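Here's the letter readout for the chains.
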Amino acid sequence: MLTVDFDRLAIGAGTKVIDVGCGAGRHSFEAYRRGADVVAFDQNAADLNDVDEILQAMKDKGEAPESALAEAVKGDALDLPYDDGTFDCVIASEILEHVPEDDRAIAELVRVLKPGGTLAITVPRWLPERVCWALSDEYHANEGGHIRIYRADALRDKVLGHGLRLTHTHHAHALHSPFWWLKCAVGTSNNDHPAVAAYHKLLVWDMMSRPWLTRTAESLMNPLIGKSVALYFRKPEVPVAAL
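Quick caveat: nothing in here was measured; it's all calculated off a predicted structure.

Q: How do you make sense of helix 6 (residues 176-186) when you look at a structure like this?
A: Because an α-helix packs 3.6 residues into every turn, residues spaced three or four apart end up facing the same way. Taken together, the buried positions of helix 6 are occupied by H176, S177, F179, K183 and C184. End-on, the buried residues of helix 6 take up no more than an arc of 160°, which puts them together on one face. Against helix 4 (126-135), helix 7 (194-209) and helix 8 (212-225) lie the buried residues of helix 6. Looking at the residues trailing helix 6, positive phi occurs at G187, about 115°.

Here you go:
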């Protein structure tokens, strides 16, 4: 399940991509599949081991072009171990809401992005997230949980403050908002609740089958209750010195 719209990233053979806070690796896998040289970056060693295994399996099965490269790297998003302007594309999906020093993290994302490159950031959308917080402390008040709720314009302004240009925004995963509201209402760990189990089965079916009906319904609902908001930015090219 992708939150970032890869058709907006112009990722192809030779594109250098870092997926910061890659988690289970969904965006790293898509970038690799499209031929990019990918760094799947996270602080969770267990997740990275799983991501590395899948990347290797993709290579062995020919699911990525032979020219593409991929590696899983453990590290701190507040201190990325790369030179300025290393990557053509930086992805940070559903990570900043977990980071106390989000301004510092944003500065790092911008720093390692090449001039002319694209930064894609996604976070939980304000309204669906506010409902979840109102229904359940368990949803967010845990180690590594969500520590803030962003308004899209406030996050946008944080990034624009580093000199980038906003190119597009959209919302995603509207079908997931009611699911999380339901989980928050009955208990986020109560996965055996009949309504939760039934809704989860629906979501899995939707992700695997991608039927026209649910795809259309979600596209119509995304502007209203999309669970995530995605923002895309372009880093200005280095000005050409006057001759």
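Q: What is the right way to look at the packing of helix 1 (residues 26-33) against helix 2 (residues 45-60) in this model?
A: The relative placement of two packed helices comes down to the angle between their axes together with the axis-to-axis distance. Two numbers describe how helix 1 lies on helix 2: the axes approach to 11 Å, and their chain directions differ by 20°. Taken as axis vectors, helix 1 and helix 2 run roughly parallel relative to one another. Considering how the two elements wind past one another, helix 1 and helix 2 form a crossing that is right-handed. Between helix 1 and helix 2, the residues in contact are F29, Y32 and R33 and V51, I54, L55, M58 and K59, respectively.

Q: Help me understand the packing of aromatic side chains in this model?
A: Aromatic ring pairs are described here by two measures, namely the spacing of the ring centres and the angle between the planes. Per the stated rule, a full pass over the model turns up 5 aromatic pairs. Taking the centre distance of 5.7 Å and the plane angle of 65° together, the rings of Y139 and W180 count as edge-to-face. Highlighted residues: Y139 in the loop between helix 4 and helix 5 (152-160) and W180 in helix 6, separated in sequence by 41 residues. Look at Y139 and you get buried, because its relative accessible area is 11%. Members of the aromatic cluster, each reached through a chain of ring pairs, are Y139, F179, W180 and Y199. Note that K16 overlies the ring of F87, its terminal NZ or CZ placed 6.0 Å from the centroid.

Q: Mind showing me how you'd approach unusual backbone geometry here?
A: For residues other than glycine, phi is negative in most cases, and the peptide bonds are mostly trans. We note that H173 has phi near 70°; this positive angle belongs to a residue other than glycine. Considering the arrangement of structural elements, one finds H173 in the loop between strand 6 (165-172) and helix 6. With a phi close to 45°, R210 is a non-glycine residue in the positive phi region. Within the secondary structure, R210 sits in the loop between helix 7 and helix 8. Overall, R210 belongs to the exposed group, its relative accessible area being 53%.

Q: Help me out: how do you make sense of the UniProt feature "domain: Methyltransferase type" (unreviewed entry) in the protein chain in this one?
A: Feature annotation in UniProt assigns "domain: Methyltransferase type" (unreviewed entry) to the following positions: residues 18-121. End C-alpha atoms of residues 18-121 are separated by 12 Å, and the span's content is 33% helix alongside 29% strand.

Q: Help me out: how do you make sense of the pattern of salt bridges in this one?
A: Between side chains of opposite charge, a pair can form as their charged atoms come close. A complete count under the given rule lists 15 salt bridges for this structure. R111 serves as the salt-bridge partner of D84, at 2.8 Å between the closest nitrogen and oxygen. Linking D84 in the loop between strand 3 (70-74) and strand 4 (87-93) with R111 in helix 3 (residues 102-111), this pair joins segments that are 27 residues apart in sequence. Taking the relative accessible area as the measure of exposure, R111 reaches 22% and is therefore partly exposed.

Cut-offs applied
Residues numbered from 1 in each chain as written. Predicted model: local features only at pLDDT ≥ 70, side-chain atom pairs only at ≥ 80, totals over all residues. Heavy atoms only, no water. Buried < 20%, exposed > 50% of the residue type's maximum accessible area, 1.4 Å probe, protein only. Helix = DSSP H or I, 4+ residues; strand = E, 2+ residues; numbered from the N terminus. Arc of directions from axis to C-beta. Contact = heavy atoms within 4.5 Å. Axes fitted to C-alpha atoms, helices over the stretch in contact; angles between N-to-C directions. Parallel < 35°, antiparallel > 145°, perpendicular 65-115°, else oblique. Left-handed = near helix turned anticlockwise from the far one by under 90°. Phe/Tyr/Trp six-rings, centres within 6.5 Å; stacked < 30°, edge-to-face > 60°. Lys NZ or Arg CZ within 6 Å of the ring centre and 35° of its normal. UniProt positions renumbered as here; feature names shortened; annotations may be inferred. Salt bridge = Lys/Arg side-chain N within 4 Å of Asp/Glu carboxyl O.

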